[in-house]
Number of protein chains: 2
Amino acid sequence: TPGSNASFSEDEYYQIIEGVKRTYNQKIRPLEITYNFEGFHSSPLTNSDIEAKPIVLLIGQYSTGKTTFIRYLLDKSYPGEHIGVEPTTDRFVAVMHGAEDRITPGNAAAVNQDLPFRGLNRFGQAFLSRFQVSQTPSPILENMTIIDTPGILAGDKQRVERGYDFTAVVEWYAQRADLILLMFDSHKLDISNEFKNAIHCLRGQEEKVRVVLNKSDMVSQQQLMRVYGAMMWSLGKVVQTPEVMRVYLSSFWTEKPPNSFEDCRELIEAESKDLLRDMKELRRNAAIRKINEIVKRARLARVHALIISHLKKEMPSMFGKKKKQEALLNNLEQEFIKIQQRYHLPAGDFPNPDKFRQNLSLYDMDKFKSLKEDLLDKADEALSVDLPRLMSRFPMMNPELDKS
Amino acid sequence: TPGSNASFSEDEYYQIIEGVKRTYNQKIRPLEITYNFEGFHSSPLTNSDIEAKPIVLLIGQYSTGKTTFIRYLLDKSYPGEHIGVEPTTDRFVAVMHGAEDRITPGNAAAVNQDLPFRGLNRFGQAFLSRFQVSQTPSPILENMTIIDTPGILAGDKQRVERGYDFTAVVEWYAQRADLILLMFDSHKLDISNEFKNAIHCLRGQEEKVRVVLNKSDMVSQQQLMRVYGAMMWSLGKVVQTPEVMRVYLSSFWTEKPPNSFEDCRELIEAESKDLLRDMKELRRNAAIRKINEIVKRARLARVHALIISHLKKEMPSMFGKKKKQEALLNNLEQEFIKIQQRYHLPAGDFPNPDKFRQNLSLYDMDKFKSLKEDLLDKADEALSVDLPRLMSRFPMMNPELDKS
Ligand SMILES: Nc1ncnc2c1ncn2[C@@H]1O[C@H](COP(=O)(O)OP(=O)(O)OP(=O)(O)O)[C@@H](O)[C@H]1O
Ligand SMILES: Nc1ncnc2c1ncn2[C@@H]1O[C@H](COP(=O)(O)OP(=O)(O)OP(=O)(O)O)[C@@H](O)[C@H]1O
Ligand SMILES: [Mg+2]
Ligand SMILES: [Mg+2]
């Protein structure tokens, strides 16, 4: 049945993403273009924006098994992968789906329009030389992009030895990630400053964070309880939120280590399964979030079109254009109220008048387009038919659609 | 071998306590009496002070299984015991060893010189009517006194419904306890204000606190991990100390509940064994602590005797006694220095001169006893021979003896 969790298949995901792209491109984008949405809000979405896969960010101290976990997920090495006992991963690696194995160096990746990494340019050359995109064909990467990271080091060491602002880079990824896995090693858990650094990087993103206590089979059950308890104790002290973070007791490896314990095998397997299932959920959540974003955007674009066309209509056809434009600018609040009343729009859907005025002052209102009913009808259809139909594939209610 | 943990037998404990009593009564008490130690420091120890057993304080919300735990330890009910699903234990019960079953009501218990509860009088009638001593013959009670308590209630309820200051009473016991067991129920762990109240009662006593997550077999292993993690998370937020509190995952019952889980049986058994072993250790630690206290007390009594006999010696034999006493009082600091130099005593062993002056002013120095070498020699012998010999039964070094 569509809408139930278990049956949310790959196919369905693609159908939904295709549906979102079609709806946006045919019914919302034209409205945005016609009334210059970009000049007042944001530039039109590209197909790759809509297609962008959920991002999973893996962070933790070195040697906790981050890269090994990715190998486990892919069931193979990604191009340029390094696993070892010393701090090994020496760069940020975006592990992505691709038709064949390919490594794109950081500089090239950060200028590529098809990749969601243009924002990384701000961190400069020292960082870009420590960033790469590794593409490989893999079923799991069809559903998510995984960011492998270098192990977290002690505070100062981090800044001095790396030559770039590690914490700022982690924050950048954390803001864009859909899931942040904070990985610890039960075998050598040390509740140090690094630990705190890791958490501080993630402030404000707590609801996306899950904790993975990896290598749980490298200690006995009683030791594992001690380590797990100590970790929760420290996390409780450091994390500001009262909600307890979800922790998965796991051990991910492709070859079983010779000296592992068996007494928690069942627990570890159940917990690992939970984590993998929650990761699969990501795609579903990402789809819901995407529909939501498009709904928000369509409502905004509709109001924007009504404002712009209203201002155009108010302009005189012959004389006094300049004076009228000034009067409209000064009475923007009144004009907004007129539009609200005419179209029965809630005040909350309107932009901030001062900000809007600032943007408006750069334009000649006379050049604005008048109301095109067909464009508006299409956007209305998107909001009342297409997007709700897409959302109806999920059992949960959609708060954005509820409001309208 | 004497001194090793495992072999610290009952016999040995009694030998040590007997040794401490003998040493104190023969070699330290006479010095205290002769130079009126009581007037300046504290009254002589009685045999029952020295014999007093380690105290285990059990606290937690209602129905966590505190009373059931005591039944488990004794392998029988104590006189006046109540177990049930509602808040059942309605009073503080000191469960102590006795030749036969006997209940002593709070008022009688608080005036009994042989019981360590005279301090409870300060909490008044409302409390005393909710206190009792329950004695019963039981091997485990030969080694410790256990305090059963009513379950902790929500903040205001506690104060209003009980009619006495519950928190203050818990603090009184906590200060005197050798071990505080803070009991939670994995079955219905609720991280509420009560939880915080329980911890706040114990501020400053954290190093004596151990946490017992009881009824651990009433949930599945994965649920137990969640509950345990959530508890540690909350504890970490509430407890100020950075050291992680020791937690025991346990389930104590005398009749196995019908709906219990088996998947953590081994873990729970290992943890319960750890707790019981640590409780056995109590007696050993109590013995060490007692020797330490006597050492401290003997050093203080020795310095006290030297001060008093010095002042006596400085007094004139015939005229000007009053004037001289005043001069000595005013120059007490100088006199202290003289004594330090003559007997090579560290300044840190001396009492606060202002406080001491205040006490002195109540006495006639002429009536003080002069130095009795034999009394002093005996105390020296206690410090250099008897007490170190008793302490040598423990492998650990003794900080107080180290200092001398
Ligand atoms: N589940 C596991 N059990 C036992 N050993 C493991 C496990 N996972 C990884 N290891 C070992 O731990 C070491 C570090 O692994 P890995 O390189 O994957 O860690 P990392 O977190 O990526 O480290 P870095 O931050 O340095 O890149 C390797 O020797 C690896 O084989
Ligand atoms: N380990 C256990 N497993 C399952 N049930 C238990 C366990 N220990 C106690 N119980 C049950 O829990 C209930 C409360 O037990 P008990 O009276 O010992 O708790 P308490 O902490 O002393 O409560 P109160 O604070 O009200 O005196 C009783 O029904 C008892 O049988
Ligand atoms: Mg790595
Ligand atoms: Mg009880």
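Moving on: the packing of helix 12 (residues 321-330) of chain A against helix 13 (residues 332-343) of chain A. All names here are of chain A. Two elements in contact, helix 12 and helix 13, have axes separated by 5 Å at closest approach and are oriented at 80 degrees. Taken together, the axes of helix 12 and helix 13 lie roughly perpendicular to each other. Of helix 13, the residues touching helix 12 (which contributes L328, L329 and N330) are L332, E333 and E335. Of the residues contributing to the contact of helix 12 with helix 13, the split by class is three nonpolar, one polar and two charged.

Turning our eyes to something else, we now look at the site of ligand 1. Residues and elements named next belong to chain A. In the region of ligand 1, 22 residues are neighbours, and S63, K66, T68, T88 and T89 sit closest. Between an oxygen atom of ligand 1 and a main-chain N or O atom of G84, the distance comes to 3.2 Å. Residue F252 places a main-chain N or O atom 3.1 Å away from a nitrogen atom belonging to ligand 1. Out of a free accessible area of 640 Å², ligand 1 has 88% covered by protein chains. A class-by-class count of the residues in the shell around ligand 1 yields nine nonpolar, 10 polar and three charged.

Looking now at unusual backbone geometry. At A:S63, a position not held by glycine, the phi torsion is positive, near 60 degrees. Mapped onto the elements, A:S63 comes out in the loop between strand 1 (55-60) and helix 4 (66-74). A relative accessible area of 18% places A:S63 in the buried class. Here the phi dihedral of B:K215 falls at roughly 55 degrees; this positive angle occurs in a residue that is not glycine. Within the secondary structure layout, B:K215 lies in the loop between strand 7 (209-214) and helix 10 (221-238).

This part covers the site of ligand 2. Residues and elements named next belong to chain B. What surrounds ligand 2 is a group of 22 residues, the closest being S63, K66, T68, T88 and T89. In this structure, G151 approaches ligand 2 through a main-chain N or O atom, which is 3.0 Å from an oxygen atom. When ligand 2 sits alone it has 640 Å² of accessible area, and the protein chains cover 88% of it. Of the residues contributing to the shell around ligand 2, the split by class is nine nonpolar, 10 polar and three charged.

Calculation rules
Residue numbering note: each chain is counted from 1, following its sequence as written. A letter from A marks each chain and a number from 1 marks each ligand, given out in the order of writing. For a predicted model such as this one, the threshold for reporting local features is a pLDDT of at least 70, and the threshold for listing and counting side-chain atom pairs is 80 or more; totals across whole chains, interfaces and linings nevertheless cover every residue. Side-chain measures here rest on the full set of heavy atoms in the structure, leaving out hydrogens and waters. Orientation is described by axes fitted as lines to C-alpha atoms, over the contacting stretch for helices, and by angles from 0 to 180 degrees between their N-to-C directions. The secondary structure listing takes helices from DSSP runs of H or I that are at least 4 residues long and strands from runs of E that are at least 2 residues long, numbered from the N terminus. An angle counts as roughly parallel when it lies under 35 degrees, as roughly antiparallel when it exceeds 145, as roughly perpendicular when it falls between 65 and 115, and as oblique in every other case. It only takes one pair of heavy atoms within 4.5 Å for two residues to be counted as in contact. Gly counts as polar in this scheme, as do all residues outside two lists: the nonpolar Ala, Val, Leu, Ile, Met, Phe, Trp, Tyr, Cys and Pro, and the charged Asp, Glu, Lys and Arg. One heavy atom within 4 Å of a molecule or strand is enough for the residue carrying it to be called near that molecule or strand. Polar contact criterion, stated in full: a pair of N or O atoms within 3.5 Å, where within protein one must be able to donate a hydrogen and the other to accept it, and residues adjacent in sequence count only if both atoms are side-chain atoms. Residue-level accessible areas treat just the shown protein chains as cover; the underlying method is Shrake-Rupley with a 1.4 Å probe. Only protein chains enter the calculation, and the probe is 1.4 Å; a residue is then buried if its accessible area is under 20% of its type maximum, exposed if over 50%, and partly exposed in between.

Read these as geometric descriptors, not functional statements.
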